[in-house]
Amino acid sequence: MDRKEFLKTLAAGSLAACVDMNGQTRAMADTEDAQATLVAVLGGEPGAMFAKGIEEMGGMSRFVKKGQNVTIKPNMAWDLAPELAGNTNPELIAALVKSCLAAGAAKVTVFDHTCANWRSAYEMSGIEKAAQDAGAEVVSGDDKSYYREIQLPRAKNLKSALVHQAILDCDVWFNVPVLKHHGGARMTIAMKNLMGIVWDRQAFHRNNLQQCIADMCTLIKPATLHIVDAYRVVKSNGPRTASENDVVLAKGLFMSTDIVAVDTAAAKFFKQVENIPIEEVSHIAAGEELGLGTMDLTKLNVKRIKM
């Protein structure tokens, strides 16, 4: 689907469709007065969409208090330029850093455990410079000494993991993935992004990838807010983008404190770009089964904003 066709679909409102308990399709209701529990912002630039979204979620002061230490976990796993959308958009990360500091954060830390060489990935993604220019400290995830073992008693397969100290030692953390195709997990969204906070990603692949992704989300210290970057979406050949032909300029952003709900909404959005049924992204349903959130978006107060 090219961008012109994509925007026609967007205008028709089908990107915000969800299915009720009887299987009937209906539009996600916009909330007027109640505080939104899921926000979908469409049609703007990354920083502007973030500003609209966080306002609808109750403002950054709802999540960050004065003097707190904040960690931001984007996807910056690959040594790719922002135009190839293999990583979270740097403009979004800069806007988030500035918002946290404006709310009174004492310190904002940004990191990822990269797949490519971490120095190249940090630089080429544009995130390192954007985050530093906005006032954050960017730290490495490429040393086992930075990780501590935690237990995951609610998990089915992944019973323990080595987790980065930036997550374990902060007061507040934000999970900020990019929405993209993934050959193994089918999609990278918020749940999948937690593979970047652990040292041994291969443990997931050895022990049922989809279940282990859900298991990791039983982390006792969950993210404060999940922010899904869907400004540019990799529709095929992910997780490492093959070419610009794999990228759609979708101009979307999703926010929720519910990791299952935000992944459900983003997966439905993705389906308009490339027809991957949400059932194939089975870690989402596995997360719901573990009690991590809901796939039934009709239970939420959803705010949809078109810019």
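Above this text you will find the structure in question.
Residues numbered from 1 in each chain as written. Predicted model: local features only at pLDDT ≥ 70, side-chain atom pairs only at ≥ 80, totals over all residues. Heavy atoms only, no water.

**Quick notes on the overall build of the chain**
Short version of the rule: Put simply, DSSP H or I for four residues or longer makes a helix, DSSP E for two residues or longer makes a strand, and each gets a number counted from the N terminus. Residue exposure (1.4 Å probe, protein chains only): buried if accessible area is under 20% of the type maximum, exposed if over 50%, otherwise partly exposed. All accessibility values rest on the Shrake-Rupley procedure with a 1.4 Å probe; residue burial counts only the protein chains present in the view.
Looking only at helices and strands, one finds 11 helices and 14 strands in the chain. Classification of the 307 residues of the chain by burial places 58% in the buried group. Counting only carbon and sulfur atoms, one obtains 46% of the accessible surface of the chain, whose full area is about 12,100 Å².

**Regarding unusual backbone geometry**
Following G238, the chain continues into P239 via a peptide bond in cis, with omega recorded as 15°. Inspection of the secondary structure puts P239 in the loop between β12 (225–234) and β13 (247–256). Phi angles above zero are rare outside glycine, and R186 is one such case at about 80°. Of note, N237 is a non-glycine position whose phi angle comes to about 60°, a positive value. Of note, N237 is situated in the loop between β12 and β13. Note on N237: relative accessible area 44%, which makes it partly exposed.

**Quick notes on the environment of R148**
Heads up, the condition is: Any pair of nitrogen or oxygen atoms within 3.5 Å is treated as a polar contact; in protein, a donor-acceptor pairing is required on top of that, and neighbouring residues in sequence qualify only through side-chain atoms on both sides.
Here R148 is to be found in strand β7 (residues 147–151). Looking at R148, its side chain comes within polar contact range of the side chain of D169, at 2.8 Å.

**Some thoughts on the nonpolar core**
Put simply, the test is: What we call a nonpolar core is a set of buried Ala, Val, Leu, Ile, Met, Phe, Trp, Tyr and Cys residues that are connected through their side-chain atoms within 4.5 Å. By definition in these notes, contact holds between two residues if any of their heavy atoms fall within 4.5 Å.
Grouped together as the largest cluster of nonpolar side chains are 98 residues, with contacts concentrated most on I72, F174, L179, M216 and I227. Sort the elements by how many residues they give to this core and helix α10 (residues 259–271) lands first, with nine residues. Apart from residues lying up to four places away in sequence, L179 is in contact with M187, T188, I189, V228, D229, A230, R232, V233, V234, A266, F269 and F270. Counting five residues, the second largest nonpolar core, distinct from the first, contains A77, W78, L84 and A116.

**Re the packing of aromatic side chains**
Here is the rule: In this analysis, rings of Phe, Tyr and Trp, with Trp reduced to its six-membered ring, are considered paired at centre separations within 6.5 Å, and the interplanar angle assigns stacked below 30 degrees, edge-to-face beyond 60, and tilted for intermediate values. Put simply, a charge is over a ring when the Lys NZ or the Arg CZ is close to the ring centre, within 6 Å, and near the line of the ring normal, within 35 degrees.
Throughout the structure, instances matching the rule amount to three aromatic pairs. An angle of 85° between the planes, with centres 5.2 Å apart, marks the rings of W118 and Y122 as edge-to-face. In this pair, W118 and Y122 both sit in helix α4 (residues 118–124), four residues apart, roughly one turn of the helix. You can call W118 partly exposed: its relative accessible area is 22%. Overall, the relative accessible area of 0% leaves Y122 in the buried class. Measuring from centroid to centroid gives 5.1 Å for F254 and F269, while their planes differ by 75°, and the two rings are edge-to-face. Note that F254 is positioned in strand β13 and F269 in helix α10, a separation of 15 residues in sequence. Sitting over the ring of W118, R119 keeps its end group 4.6 Å from the ring centre.

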